[in-house]
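A closer look at the structure
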Amino acid sequence: MAVSMMLFTRDLRLTDNPALSAAAAAAAAVVPAFVLDEDLLRHGAAHASRLSFLHDSLQDLDRSLRAAGGALVIRRGSPWAAAVIELARQAGVTSIHVADDVSGYAQARLAQLERAAAGERMAVTRHPGVTVVPPGTVRPAGRSVFQVFTPYYRRWQEARRRPAADRPAAVTLPAGLAHGQIPSLSGLTSARPAAGLQAGGESAGLARLRSWVPDSLGDYDRARDDLAADRSSRLSAYLHLGCLSPAAIEAELSGQPGSAPFVRQLAWRDFFGQLLADRPDAGHRDYRDRGDDWVCDPGALEAWRAGQTGFPVVDAAMRQLAAEGFMHNRARMIAASFLTKDLYLDWRAGARHFMTLLADGDVASNQLNWQWVAGTGTDTSAHRILNPTRQGQRFDPAGDYVRRYVPELAGLPAGVIQEPDEAARRRCGYPAPLVDHRVAVTEYRARQRAGRATRPGRA
Ligand code: FAD
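Described in the following lines is the structure provided in the data block.

Rules behind the numbers
- Residues numbered from 1 in each chain as written.
- Predicted model: local features only at pLDDT ≥ 70, side-chain atom pairs only at ≥ 80, totals over all residues.
- Heavy atoms only, no water.
- Helix = DSSP H or I, 4+ residues; strand = E, 2+ residues; numbered from the N terminus.
- Rg over C-alpha atoms; globule rule 2.2 N^0.38 Å.
- Buried < 20%, exposed > 50% of the residue type's maximum accessible area, 1.4 Å probe, protein only.
- Contact = heavy atoms within 4.5 Å.
- Lys, Arg positive; Asp, Glu negative; His and termini not counted.
- Charge placed at Lys NZ, Arg CZ, Asp CG, Glu CD.
- Phe/Tyr/Trp six-rings, centres within 6.5 Å; stacked < 30°, edge-to-face > 60°.
- Lys NZ or Arg CZ within 6 Å of the ring centre and 35° of its normal.
- Near = heavy atom within 4 Å.
- Polar contact = N/O pair within 3.5 Å; in protein donor to acceptor, adjacent residues only side chain to side chain.
- Areas by Shrake-Rupley, 256 points an atom, 1.4 Å probe, with all protein chains shown as cover.
- Pairing = 2+ DSSP bridges.
- Axes fitted to C-alpha atoms, helices over the stretch in contact; angles between N-to-C directions.
- Expected span 1.5 Å × (residues − 1).
- Right-handed = clockwise from strand over helix to strand, strands pointing away.
- Salt bridge = Lys/Arg side-chain N within 4 Å of Asp/Glu carboxyl O.
- Parallel < 35°, antiparallel > 145°, perpendicular 65-115°, else oblique.
- Nonpolar A, V, L, I, M, F, W, Y, C, P; charged D, E, K, R; others polar.
- Core = buried A, V, L, I, M, F, W, Y, C linked by side-chain atoms within 4.5 Å.

Turning to the overall build of the protein chain, a few remarks are in order. Check the secondary structure of the protein chain and you find 21 helices and five strands. Relative to the globule expectation of 23 Å for 459 residues, the C-alpha radius of gyration of the protein chain, 23 Å, shows essentially globular dimensions. By principal-axis analysis of the C-alpha atoms, the protein chain measures approximately 75 × 55 × 45 Å. Looking at the protein chain as a whole, 55% of its 459 residues qualify as buried. Here the contacts in the protein chain between residues at least 6 apart in sequence split such that 78% fall between residues at least 24 apart. Separation between the mean location of the 56 positive side-chain charges and that of the 48 negative ones in the protein chain comes to 3 Å.

Next comes the structure, spelled out in structure tokens:
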């Protein structure tokens with residue numbers, strides 16, 4: 001009997017999964033496999049929330065596969081490609097189906113798999129599914145990639161969509177293949193997942209989608225920047241691990257009242273994906289080197305991480321991250337701007353901290369949003385500077401977001417909570433502001449001018 005392998009990676013779902021549907025169509029028996037990458041696990045050992053979300057997602061996938069007559073076949077190993085090939089050999093697999101991905105690490109891992117499979121006469125096919133529009137589909141004339149969102153978005157909207165992939169009605173495993181156990185991933189780190197972490201998995205993701213859309217889609221554009229209302233979809237971690245298909249969400253929501261601004265956010269996700277696929281080094285290097293000479297100030301970095309900067313909305317943001325493994329998008333922008341503009345600390349230090357705590361931590365969306373805020377990305381606006389106090393007053397006017405995450409300030413009235421005076425801070429046991437925003441901005445601009453002057457070829 002012919003055997004194919006469905007190799008799950010960042011597409012942990014049965015619905016609209018092109019690789020799964022191709023694997024099921026290719027052979028009478030399918031090995032639905034997830035191979036834990038020891039190298040990634042070692043590297044990601046501190047990422048307790050993402051590991052917990054992954055564990056939930058694998059369990060849910062296993063339950064769904066069992067309901068279809070199969071089971072999730074689990075292995076672990078290093079190098080990942082060798083562990084995949086070993087399983088494929090054991091099971092007599094002739095074709096491997098896997099989702100294509102964007103990061104440098106994922107690309108290298110897939111290339112390694114393809115080389116190893118070629119030696120075994122196994123075919124590897126990469127399928128779409130991680131993004132709505134696959135990277136490289138939409139290109140500007142004469143260039144490999146769109147660097148500006150608006151023209152990208154225009155072409156993204158017009159790009160042809162692939163047909164939805166069928167959910168296999170039944171999954172038949174090859175006889176005699178041991179399933180293996182989903183290991184408890186909590187032992188890999190001494191850190192604990194965030195107390196307010198969402199449950200992972202396709203079932204939980206679909207439940208979230210089903211409850212959020214009727215309640216909030218219509219009002220998304222108006223309410224999404226309201227920090228306290230917390231009305232955005234909170235689908236990002238499900239999208240990151242592919243518990244939900246971004247293409248299926250787009251297809252389902254398009255045309256519904258209020259869907260356009262929401263779908264535009266999915267295009268931002270694809271935009272950063274195509275940028276990273278084109279420039280994998282942007283995960284750790286400035287997309288455009290501005291000649292920044294970042295400050296080294298471990299004390300300031302620690303205060304930012306701990307939510308002790310003395311700027312209430314920044315501290316609320318950082319404490320939300322620690323408490324939930326999630327942060328509101330507007331809060332991410334405020335916290336990132338504060339780190340890179342007010343403190344003039346390297347965006348990589350901030351991005352690393354976000355990646356450690358976010359359940360949705362994603363190389364493309366995280367690193368490139370950080371670069372967008374820091375001004376080192378594709379965007380030419382180097383002076384995108386957010387005033388943390390004004391941002392708090394504008395997007396949390398009643399102060400309820402601050403009250404939720406900075407309880408020592410909970411008793412302060414709306415008019416002062418974003419900018420408590422010295423006496424109120426003393427009374428509440430809340431720190432003085434780490435910097436004077438106006439002075440910090442003046443210094444930042446001076447540094448930018450100096451950086452420009454010392455950069456080769458610039459006036
Ligand atoms: P919604 O507003 O409901 O949006 C729907 C979906 O669109 C999101 O789930 C997400 O998949 C996508 N999306 C929305 N905004 C963006 C955006 N700016 N860029 C890319 N995709 C977007 N998103 C991540 O998924 N992972 C990250 O690691 C990440 N790090 C970020 C770091 C910084 C400094 C900033 C400014 C943004 C970051 N984002 C990241 C983007 C955005 O903040 C989150 O996707 C969003 O807050 C998730 O909440 P939501 O699902 O309720 O979003």
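Past the structure itself, the notes keep going.
Using the criterion set out here, one finds 21 aromatic pairs in the structure. Counting every residue linked through ring pairs, the aromatic cluster contains Phe146, Phe149, Tyr152, Tyr153, Trp156, Trp268, Phe271, Phe272 and Trp372. Geometry around Trp156 places Arg161 over its ring, the cationic atom sitting 4.6 Å from the centre. Against the face of Phe326 rests Arg332, its NZ or CZ located 5.3 Å from the ring centre.

This part is about the site of the ligand. For the ligand, the set of nearby residues contains 28 residues, the closest of which are Tyr220, Ser232, Ser233, Arg234 and Asn329. Here Ser236 contributes a backbone N or O atom positioned 3.1 Å from an oxygen atom of the ligand. Measuring from an oxygen atom of the ligand, one finds a side-chain N or O atom of Asn329 at 2.7 Å. For the ligand, whose free accessible area comes to 820 Å², the fraction covered by protein is 97%. Among the elements of the structure, α9 (236–240), α11 (259–278), α14 (329–342) and α16 (363–374) are those that each provide at least two residues to the shell around the ligand. In terms of residues, the shell around the ligand owes the most to one element, α11, which gives six residues.

Strand order across the open sheet formed by five strands is β3-β2-β1-β4-β5, with parallel pairing between neighbours. On the outer flanks of this sheet lie β3 (73–77) and β5 (123–127), each paired with one strand and no other. Adjacent strand axes in the sheet meet at a mean angle of 30°, parallel and antiparallel pairs treated alike. In the sheet, strand β4 (residues 93–99) pairs with β5 via five bridges, with the strands oriented parallel. In the sheet register, His97 faces β5, and the bridge partner there is Thr125. Each of β1 (3–8), β2 (29–37) and β3 touches helix α3 (residues 48–67); the most contacted strand, β2, lies at about 170° to it. Here helix α4 (residues 80–91) sits on the sheet and contacts β1, β2, β3 and β4; the angle it forms with β2, its principal contact strand, is near 155°.

Residues that lie three or four places apart on an α-helix share one face, since the helix turns once every 3.6 residues. Taking 1.5 Å of rise per residue, 14 residues should cover 20 Å, and α14 covers 19 Å from first to last C-alpha, within 8% of that figure. Extensive coverage of α14 is indicated by the burial of 13 of its 14 residues. A positive backbone phi angle near 50° is found at Tyr344, which sits one or two residues after α14.

Attention shifts here to the pairing of β3. Within β3, four of the five residues are buried, leaving the element largely enclosed by the surrounding structure. Looking at chain direction, β2 and β3 are connected through five bridges and run parallel. Note that in β3 the partner of Phe34 across the bridge is Ile74.

Next up on the list: the pairing of β4. Most of β4 sits out of view: six of its seven residues are buried. When β1 meets β4, the two strands line up parallel, connected through five bridges. Paired with Val3 across the two strands is Val93, which belongs to β4. Each parallel crossover has a hand, and the one from β4 via helix α5 (residues 104–119) to β5 is right-handed.

This part takes up the pattern of salt bridges. If you walk through the whole model with that rule in mind, you get 30 salt bridges. With its nearest N and O atoms 2.9 Å apart, the salt bridge here joins Arg234 to Glu324. Residue Arg234 is located in the loop between α8 (220–223) and α9, and its partner Glu324 is located in helix α13 (residues 312–324); the two are separated by 90 residues in the primary sequence. The residues Arg234 and Glu324 share a single accessibility class, namely buried. Sharing partners across several salt bridges, the network here consists of Arg10, Asp101 and Asp362.

Turning our attention to the environment of Gly377. Take Gly377: it is sitting in the loop between α16 and α17 (388–395). Looking at Gly377, the relative accessible area reads 3%, which means it is buried. When neighbours within four sequence positions are excluded, Gly377 is seen to be in contact with Tyr287, Arg288 and Gln371.

Where α11 meets α16, the closest approach of the two axes is 9 Å, and the angle between their N-to-C directions is 90°. The angle between the axes of α11 and α16 places the two elements in the roughly perpendicular class. For the pair α11 and α16, contact is made by Trp268, Arg269, Phe272, Gly273, Leu275 and Leu276 and by Val363, Ala364, Ser365, Leu368, Asn369 and Trp372, respectively. Split by residue class, the contact of α11 with α16 holds eight nonpolar, three polar and one charged.

Core analysis: the largest hydrophobic core is formed by 63 residues, its most contacted members being Phe8, Phe34, Ile249 and Phe262. By residue number, the principal contributor to this core is α11, which donates eight residues. Excluding anything up to four places from it in sequence, Phe262 contacts Trp212, Leu217, Tyr220, Ser233, Leu235, Ile249 and Leu253. Core analysis: the second largest hydrophobic core is formed by 47 residues, Ile334, Val406, Ile417 and Ala424 among them.

What is expected of a backbone is that most residues other than glycine have negative phi and most peptide bonds are trans. Following Ser78, the chain continues into Pro79 via a peptide bond in cis, with omega recorded as -10°. As for its position among the elements, Pro79 is in the loop between β3 and α4. The backbone phi angle of Asp16 is positive, close to 45°, even though this residue is not glycine. Unusually for a residue other than glycine, Arg121 sits at a positive phi of about 60°. By the element assignment, Arg121 lies in the loop between α5 and β5. According to the relative accessible area criterion, Arg121 is exposed, its value standing at 78%.

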